[in-house]
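Understanding the architecture of this molecule
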Amino acid sequence: MVFAVATNNQKKLKEIQRILNSFDIQAKTLKELGIDVEIEEDGTTFEENAIIKARTIAQMSNLPTISDDSGLEVDALNGAPGVFTARYAGENATDDDNIDKLLEILEGIPKEERNARFVSAVCLYMPDGRHTVCRGTCEGWIATERIGEGGFGYDPVFMVKDKSYSQMSPQDKDAISHRGQALRKLKEEIKNFI
């Protein structure tokens, strides 16, 4: 069985594929499906944006579609960057641009006030309109500098206890991460849809 995954991010796709493998489901990116579309993510929550993306691709591809909308919420910034996580430093910002902006804004703020969480909303949307959204959250804090070489996005500055996401193996990260939690919940839900 083939599922569309509403992303061209290969690292995100790998995380999703690890979960789908247990169902003998093959994940295909938009590029692999020949879909080139800019989806306006104008929702005010991660859940709304995940549904917008999944519904659009399910309708275009006529395939069951999984999308993920995830981001970072920093308490000292009243939950920012939130749904603007990927474009925190501007529309075409790189991961490094976003991290640099975050570290600059948090400069001088002590560790005990740097609490943050990663949130993931994963949506499965079927071509017939049936859908479900699963949410995962991982609590942590923001380091004062990049730590570790792995991962992507804000992984080098997002700390869980004494390790950044970047320092974790893919398996260790999956076990605790926001996306790993949401995907495990989705794994239970998929049974009701296929």
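Everything below is about the structure printed above this text.
Residues numbered from 1 in each chain as written. Predicted model: local features only at pLDDT ≥ 70, side-chain atom pairs only at ≥ 80, totals over all residues. Heavy atoms only, no water.

**Points about the sheet that holds strand β6 (residues 158–160)**
Defined as follows: Being paired, for any two strands, means DSSP has found at least two bridges between them. Starting at the N terminus, helices and strands are each numbered in turn, a helix being any DSSP run of H or I of at least four residues and a strand any DSSP run of E of at least two.
The seven strands are arranged β2-β1-β3-β4-β5-β6-β7 in an open sheet whose pairing can be described as mixed. Pairing within the sheet leaves two strands with one partner each, and these edge strands are β2 (26–28) and β7 (163–164). Judged from the two bridges that link them, β6 and β7 form a sheet pairing that is antiparallel. Bridging from a neighbouring strand, M159 pairs with S164 of β7.

**Some points on the pairing of strand β5 (residues 131–142)**
Note that strand β4 (residues 115–125) and β5 share eleven bridges and pair antiparallel. Bridging from a neighbouring strand, R117 pairs with E139 of β5. The loop that links β4 with its antiparallel partner β5 comprises five residues; one of these, G129, has a positive phi angle of about 100°. Pairing geometry for β5 and β6, over two bridges, is antiparallel. Counterpart to I142 in the pairing with β6 is F158.

**Quick word on helix α5 (residues 178–190)**
Selection criterion: Multiplying 1.5 Å by the helix residue count minus one yields the expected span of that helix. Partly exposed describes any residue whose relative accessible area lies between the buried limit of under 20% and the exposed limit of over 50%, with all areas from a 1.4 Å probe on protein chains only and scaled to the type maximum. Residue contacts are counted whenever heavy atoms from the two residues lie within 4.5 Å of one another.
With 13 residues, α5 ought to run about 18 Å at 1.5 Å a step, and its terminal C-alpha atoms sit 18 Å apart, in line with that. Those residues of α5 that sit buried are H178, R179, G180, A182, L183, L186 and I190. For α5, the secondary structure elements touched by its buried residues are α1 (10–20), β3 (65–74), β4, β5 and α4 (170–176).

Nothing here speaks to function; it is all geometry.
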